Amino acid sequence: MLKSKILYWMPLSIVIAVCAITMVLWAFIVPVYESPDELHHWKYAQYIHSHLALPPYTTDYLEAPQPPLYYLLIAPLASSMRPPPILQHPEFERIFGFHFDHLLRVHIDSPCWPHLFANCPGDSHRYWPIRRARLVTITFGLIAVVFTALAVFEVTKSRPGAVMAAALIGFLPQFDFRSASVNNDPALVCFSAIATYFIVRMIVRGFEIVPAVCGSVAIALAFLSKISAAVLVPVFAAAILLTAPNWRTRFQRWAYLFAICGFIVLPWLIWNKWVYGDILASSKIAQTVPLMVHKKSITDPYFRTEFLRKLSQSFFGYFGWLTLKLPRFIYQGYAMLYLVAWCGLLFSVPKREKLLWISLLMAATALGSLAFLAYANLMYEQPQGRLIYQSLSAIVVLVALGLGAIPRISKYVAAVVVIGLFSVNIYALTEVVHRAYSGPQPLQTSVDVQIDGDLAESTPEALLPDHSYTQSFIAEHDNLTAVEVEVILHDAVKAGGTKQGSFHLSLSSTREGPPLASVQISADAVAGSGSTYLHLGFLPIPDSAQKKYFISLTPQDLIPAGSYILRLSKGDSYPDGTFFVDGRDTGADTVLRTFYNRPCWTCPLSNTELDGPLE
């Protein structure tokens, strides 16, 4: 009999084992901190590890308002480790090409786009504490897979249905991406899935005291993982209402079960009230991170456009710091799969009363999560699918029930769904994430120095043949690779005849020194527009940072004379440089911009690890 049970559950066990393997692959392929706010989640756990207390809510601990359960569970693993070089030494920003603001959010012009961090040789040893925390986080994801499959089996008593449910959640690319990084979403999904199972079981089998208590505890633990789990409370209450014979019994069960739930969450709520004056610390968020506040009404076009688009995409797969999307055909495939499931539900629900109530409760969980997220987006722009993952298990139950609606072909549907979802997961991991993160990263050109001409102007400087016009500047970065000077075609000659002559542009390290690079530009090339940047490109200068250079412009044989002018600032708008005419200091500056090559480099500068504070 034991052997027959093992054989019976073998397909589900295989799917769960494959889910575990794929999640581990995600954990090692996705670089450390290459998941939204992983750094802040990790710092939360490290604070508990070091101080045996919850962190204060400051810009150093942006996840501090989050419930503490997940961080308490991984805190024993959050030992000190050396952070990536860019976080050790902010002065290396010019080397790595990143720029962090005070919230450690990375500017979107990163040269390593679409990723901000990369795997480097030695990372497995260097970042082992966070890697092992990721492996523990995977455990939460796998528990969610198991209980979601059990919830579907509870309804259908169908092995193919349970296998489909496991694949629908366990091979979901975004879920694996989150389960393979340090964050509290997997814990939320785990305890929400357990609660969902007990809600489904209550409808199917009727009220049982031990499962009901377990469901109440699961909801409390889900809330202590993330407050969005509160949407499960009314669904759980509805399940009790549907399984009680009268209102007196209903009130008694509500009182007992919610007392258990309240007893578990009350200490954290009291702590918030004592520390922040608010049981959820929500009022403190706007004070600590005011830049995140973007108030809007529910009728704002944002909710009909960006909110729905990003929400749907990031539910299935939107990786990195919301920088790397799946191909469109995968989103379309998921949409088609869910549409088929919806049709299957419409086909099967009217035939069974319990299935109807279960479907309504699961749908209520999903709609409650969506309403909760929409409410949050009235103040914060966070259209992320992971923020409704407290209903992920409920959504998967609905989809699995819909896909398995036709019993005769359910096992064939299950085989196709499992193989298809696994293929999508592997494609997302290898062809989307791994390819983007491990492919060659070419140097990218960015602005180094820019002297703008939008200040009040003095009399323009007419460019006369055989005179020298020179602007000095100090390069801010290494790898200086291009300089541009703006010239303007005089209004009086724009409509005139053919322009003749040329411009000689050169770069040198001293005002009278030999040119490091030069170019001859014909006047015909710039005569068709009113304003043009003359471009001088050259091989990158490796050690150019903080060194002075001189860009010289010499008009030659311009006809008519004075047809081009330089726009000058009213005074010394660029203190680090000077504008010269034939060697004479004019006290002004002309419009100039320089460029440098930014390396996509996040590995240590040498084989020996950089010195720096442990994290």
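All figures in this text were calculated on a predicted structure; none of them were measured in a lab. (Residues numbered from 1 in each chain as written. Predicted model: local features only at pLDDT ≥ 70, side-chain atom pairs only at ≥ 80, totals over all residues. Heavy atoms only, no water.)

So, about the overall build of the protein. Each helix and strand counted, the protein has 20 helices and 14 strands in total. Out of the 615 residues belonging to the protein, those deemed buried represent 53%. Of the roughly 27,100 Å² of accessible surface on the protein, a fraction of 64% belongs to carbon and sulfur atoms. (Helix = DSSP H or I, 4+ residues; strand = E, 2+ residues; numbered from the N terminus. Buried < 20%, exposed > 50% of the residue type's maximum accessible area, 1.4 Å probe, protein only. Areas by Shrake-Rupley, 256 points an atom, 1.4 Å probe, with all protein chains shown as cover.)

Right, let's get into the pattern of salt bridges. Inspection of every chain in the model, using the stated rule, returns 12 salt bridges. In this structure, E381 and K296 form a salt bridge, with 3.9 Å as the shortest nitrogen-oxygen distance. Here E381 is found in the loop between α18 (353-376) and α19 (392-403), whereas its partner K296 is found in the loop between α15 (282-288) and α16 (306-316), with 85 residues between them in sequence. Here E381 falls in the partly exposed class, since its relative accessible area comes to 35%. Among the salt bridges present, the one from R511 reaches E512, with a minimum N-O distance of 3.6 Å. (Salt bridge = Lys/Arg side-chain N within 4 Å of Asp/Glu carboxyl O.)

Before going further, it helps to examine unusual backbone geometry. Positive phi is not limited to glycine here, since K157 has a value of about 50 degrees. The exposure class assigned to K157 is partly exposed, which follows from its relative accessible area of 49%.

Moving on: the side chain of S228. Looking at the secondary structure, you find S228 in the loop between α12 (209-223) and α13 (232-243). Apart from residues no more than four positions distant in its own chain, S228 is found in contact with L188, F372 and Q390. (Contact = heavy atoms within 4.5 Å.)

By size, the foremost hydrophobic cluster in this structure holds 135 residues, and its most contacted members are W26, L168, F175, F319, M362 and L392. The residues contacting M362, other than those within four sequence positions of it, are T196, I199, V200, A394, V397 and L398. Judged by nonpolar contacts, the second largest core, of 33 residues, contains F503, A517, F579 and L592. (Core = buried A, V, L, I, M, F, W, Y, C linked by side-chain atoms within 4.5 Å.)

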